[in-house]
Amino acid sequence: MQLALLARLLSVGRAVLAALRGRLGALCWSLAPLSLSLSLSGWRDSAPRPQREQERDEALPTPTSVNYHFTRQCNYKCGFCFHTAKTSFVLPLEEAKRGLAMLKEGGMEKINFSGGEPFLQDRGEFVGKLVQFCKQELELPSVSIVSNGSLIRKQWFEKYGEYLDILAISCDSFDEDVNVLIGRRQGKKNHVENLHKLRQWCREYAVAFKINSVINRFNVEEDMNEQIKALNPVRWKVFQCLLIEGENCGEDALREAEKFVISDEDFDRFLDRHKDVSCLVPESNQKMRDSYLILDEYMRFLNCRNGRKEPSKSILDVGVEAAIKFSGFDEKMFLKRGGKYVWSKADMKLDW
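To keep things clear, this report deals only with the structure shown in the data block. A quick note: this is a predicted structure, and the numbers were derived from the prediction, not measured.

Calculation notes
Residues numbered from 1 in each chain as written. Predicted model: local features only at pLDDT ≥ 70, side-chain atom pairs only at ≥ 80, totals over all residues. Heavy atoms only, no water. Helix = DSSP H or I, 4+ residues; strand = E, 2+ residues; numbered from the N terminus. Buried < 20%, exposed > 50% of the residue type's maximum accessible area, 1.4 Å probe, protein only. Axes fitted to C-alpha atoms, helices over the stretch in contact; angles between N-to-C directions. Left-handed = near helix turned anticlockwise from the far one by under 90°. Contact = heavy atoms within 4.5 Å. Nonpolar A, V, L, I, M, F, W, Y, C, P; charged D, E, K, R; others polar. Polar contact = N/O pair within 3.5 Å; in protein donor to acceptor, adjacent residues only side chain to side chain. Expected span 1.5 Å × (residues − 1). Pairing = 2+ DSSP bridges. Right-handed = clockwise from strand over helix to strand, strands pointing away. Phe/Tyr/Trp six-rings, centres within 6.5 Å; stacked < 30°, edge-to-face > 60°. Lys NZ or Arg CZ within 6 Å of the ring centre and 35° of its normal.

1. Concerning unusual backbone geometry
(1) Moving on: Following glycine 115, the chain continues to glycine 116 via a peptide bond in cis, the omega torsion being 10°.
(2) Moving on: Structurally, the position occupied by glycine 116 is in the loop between β2 (110–114) and α4 (125–137).
(3) Moving on: A positive phi is found at aspartate 122, a non-glycine position, where the angle reads about 55°.
(4) Moving on: The topology assignment puts aspartate 122 in the loop between β2 and α4.
(5) Moving on: The backbone of glutamate 139 shows a phi angle near 55°, a positive value even though the residue is not glycine.
(6) Moving on: Residue classification places glutamate 139 among the exposed positions, given a relative accessible area of 59%.

2. Considering the packing of helix α3 (residues 93–105) against α4
(1) Moving on: Following both chains from N to C, one finds α3 and α4 inclined at 35°, their axes separated by 11 Å at the closest point. Crossing of α3 over α4 shows right-handed handedness. For the pair α3 and α4, the contacting residues are Leu93, Ala96, Lys97 and Leu100 in the first and Phe126, Lys129, Leu130, Phe133 and Cys134 in the second.
(2) Moving on: Tallied by class, residues from the contact of α3 with α4 come to 7 nonpolar, no polar and 2 charged.

3. A short note on the side chain of asparagine 179
(1) Moving on: Within the secondary structure, asparagine 179 is located in helix α6 (residues 176–182).
(2) Moving on: You can call asparagine 179 buried: its relative accessible area is 0%.
(3) Moving on: Within the local environment of asparagine 179, its side chain forms a polar contact with the backbone oxygen of serine 173, the two atoms lying 3.2 Å apart.
(4) Moving on: If we ignore the near neighbours within four places in the chain, the residues touching asparagine 179 are Asp172, Ser173, Arg184, Arg185, His191 and Val192.

4. Section: α3
(1) Moving on: Taking 1.5 Å per residue, 13 residues should reach 18 Å; α3 reaches 19 Å between its end C-alpha atoms and fits that length.
(2) Moving on: Residues of α3 that are buried include every one of Ala96, Lys97, Arg98, Gly99, Leu100, Ala101, Met102 and Leu103, and no others.
(3) Moving on: Phi turns positive, to about 120°, at glycine 107, one or two residues after α3.

5. Overview of the pairing of strand β6 (residues 235–240)
(1) Moving on: Buried residues dominate β6, accounting for 6 of its 6 residues.
(2) Moving on: Burial along β6 is two-sided: Arg235, Lys237 and Phe239 and Trp236, Val238 and Gln240, pointing in opposite directions, are all buried.
(3) Moving on: The pairing of strand β5 (residues 208–215) with β6 spans 6 bridges and is parallel. Of the residues in β6, the one forming a bridge with isoleucine 215 is glutamine 240.
(4) Moving on: Chirality of the crossover, the property in question, places the unit of β5, helix α8 (residues 225–231) and β6 among those that are right-handed.
(5) Moving on: For the crossover from β6 across helix α9 (residues 264–273) to strand β7 (residues 280–283), the handedness is right-handed.

6. Some thoughts on the environment of arginine 123
(1) Moving on: Looking at where arginine 123 falls in the secondary structure, it is placed in the loop between β2 and α4.
(2) Moving on: A relative accessible area of 79% places arginine 123 in the exposed class.

7. Notes on the packing of aromatic side chains
(1) Moving on: In the structure shown here, the tally under the stated rule is 15 aromatic pairs.
(2) Moving on: When the centroid spacing of 6.0 Å and the interplanar angle of 90° are considered together, the rings of tryptophan 156 and phenylalanine 157 count as edge-to-face.
(3) Moving on: Ring centres of phenylalanine 329 and phenylalanine 334 lie 5.7 Å apart, and the angle between their planes is 55°; on these two criteria the pair is classed as tilted. Both residues of the pair, phenylalanine 329 and phenylalanine 334, belong to the buried class.
(4) Moving on: Directly above the aromatic system of tyrosine 341 lies the positively charged group of arginine 235, at a separation of 3.6 Å from the ring centroid.

See below:
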């Protein structure tokens, strides 16, 4: 017991030191150009320092909800994927924890682990350890994962399920032929059958179950009412297929997603067909593009405002405040689209 307590105290201490280290790095990085400007021009700001700091803080968004795509590798080949396997890099576990501690210090309340496929790395152990760290050590209100579900085993729930608030499984169709056309399949495993198995495991281990669907040319006419109501997820997030240059369109892209794109009118028709599904959460391209705070495998914020993913400097090098300035994050749109909701399973009061 004493060794376990000592180990936990050391872990917490490392997290605190990491956060302090990050803030000190950010301070030094942000003061460097100011120091140079003062020495060259003798400039003086007439506003009192507390006022300047307050104005700066008000201008910066808060990283309330962060999507950390810690890997780009995936075992599926979805044709519209907009975070493709352009690198195989994954941060060492302790560095990832250091960055997460810095985000918590900066105001993060919810972390969502995504990819690529999060369960590819160390057969799910990597994401499991991050989930446990964020819930147990950082005490975040919400910890979630987005996965295609193909690599998740029941043993993972037994080990890490108590630390996970939400598991979101990507499912774009309840017709296996359509899933094959999209690329959401590996080998002979039936994606829809696996979806139902994961739904049952979420009930058994008290993890809120969510479904993500990308609406595209191959599934836009599908009626999913009956299947979604039977699965009864806490949220059914429905995205309009989105083009990102360099990821799923353009010369240097690994995907050619143009053939999947639908019009706004097509998307609206799909939504209207499913308007009676109470858990439906629609997200058009307009809502989606700038309202997500995305962190890549190097812990750089990705700015999508120009239709590409333009990275900031890593928060590990310059701190959260300095990096988030270049994120392109629209905090008002994040709140408008309902980005902040009841996301802790302790507050959901669900009938598991």
